[in-house]
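Spelled out from the first residue to the last, the chains are:
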Amino acid sequence: MDVYGIEITKEIVTQTGERLAKMGYKPNLDVGRNSDIPYEDEKFDYILACHCCYYCDEGETLIDNLNEYCRVLKKGGFLIASVADLESYIFNDAEVMNDGTMIIKNDPYGNRNGYRLHGFNSESEVERYFSRYFINFSFAHSYNNFYGIEEKLFWVVCEKK
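Let me begin by describing the structure that accompanies this report. (Residues numbered from 1 in each chain as written. Predicted model: local features only at pLDDT ≥ 70, side-chain atom pairs only at ≥ 80, totals over all residues. Heavy atoms only, no water.)

1. Some thoughts on the overall build of the protein
Right, on to step 1. On a plain count of helices and strands, the protein comes out with 3 helices and 10 strands.
Right, on to step 2. Ordering the α and β elements of the protein from the N terminus gives β-α-β-β-β-α-β-β-β-β-α-β-β.
Right, on to step 3. The dimensions of the protein, computed from C-alpha atoms along their principal axes, are 40 × 35 × 30 Å.
Right, on to step 4. Residues counted as buried form 38% of the 161 residues belonging to the protein.
Right, on to step 5. Within the protein, contacts between residues separated by at least 24 positions form 62% of all contacts whose residues are at least 6 apart in sequence.
Right, on to step 6. The centroid of the 17 positive side-chain charges in the protein is displaced by 4 Å from the centroid of its 27 negative side-chain charges. (Helix = DSSP H or I, 4+ residues; strand = E, 2+ residues; numbered from the N terminus. Buried < 20%, exposed > 50% of the residue type's maximum accessible area, 1.4 Å probe, protein only. Contact = heavy atoms within 4.5 Å. Lys, Arg positive; Asp, Glu negative; His and termini not counted. Charge placed at Lys NZ, Arg CZ, Asp CG, Glu CD.)

2. Re the nonpolar core
Right, on to step 1. Ranked by size, the top nonpolar core spans 37 residues in total, and within it Cys-53, Leu-79, Val-83, Phe-91, Phe-130 and Phe-134 carry the most contacts.
Right, on to step 2. Every element with two or more residues in this core is listed here: β3 (44–49), α2 (62–72), β5 (73–85), β8 (116–120), α3 (123–130), β9 (134–146) and β10 (149–160).
Right, on to step 3. It is α2 that provides the largest number of residues to this core, a total of 6 residues.
Right, on to step 4. Residues contacting Phe-134, with those up to four places away along its chain left out, are Leu-66, Cys-70, Leu-73, Leu-79, Cys-158, Glu-159, Lys-160 and Lys-161. (Core = buried A, V, L, I, M, F, W, Y, C linked by side-chain atoms within 4.5 Å.)

3. Focus: the environment of Asn-98
Right, on to step 1. Summarising the element assignment, Asn-98 is placed in the loop between β6 (95–96) and β7 (101–103).
Right, on to step 2. The class for Asn-98 is exposed, based on a relative accessible area of 88%.
Right, on to step 3. Between the C-alpha atoms of Asn-98 and Val-156, which are 58 residues apart in sequence, the distance is 25 Å.

Written out as structure tokens, the structure is:
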């Protein structure tokens, strides 16, 4: 299997590449964004979007990210993604925006303050939102307690229409 990945800075790409090389892996890593993936149309059979697809750049929405995922995903390919549950700690005191995103204001780690994230209340809400591009949904819900910080996520596996 050929493995590709994107991250938001060259420094993260370099660090990840070095770490994986020490373990004997040779992935193809590039700088990119959810809404600007630096690969050609219909390149991938699978996309794993772990803790990332719901991050929205200024002026863009999760729909922009899903549109880009579909561009690089082959017809019948699968998206495996985690999406934020609105009950998760990250949304405490967040500012609700008109486009469905929320600006993070109270990240206990201080890493995501100011970032725009899209969250969901239920699996059915995720399915309605993603169904513009995807079919055949399967879901899981995860709950992690990191020493009192409660992270909640929906996991979705779906097939590109």
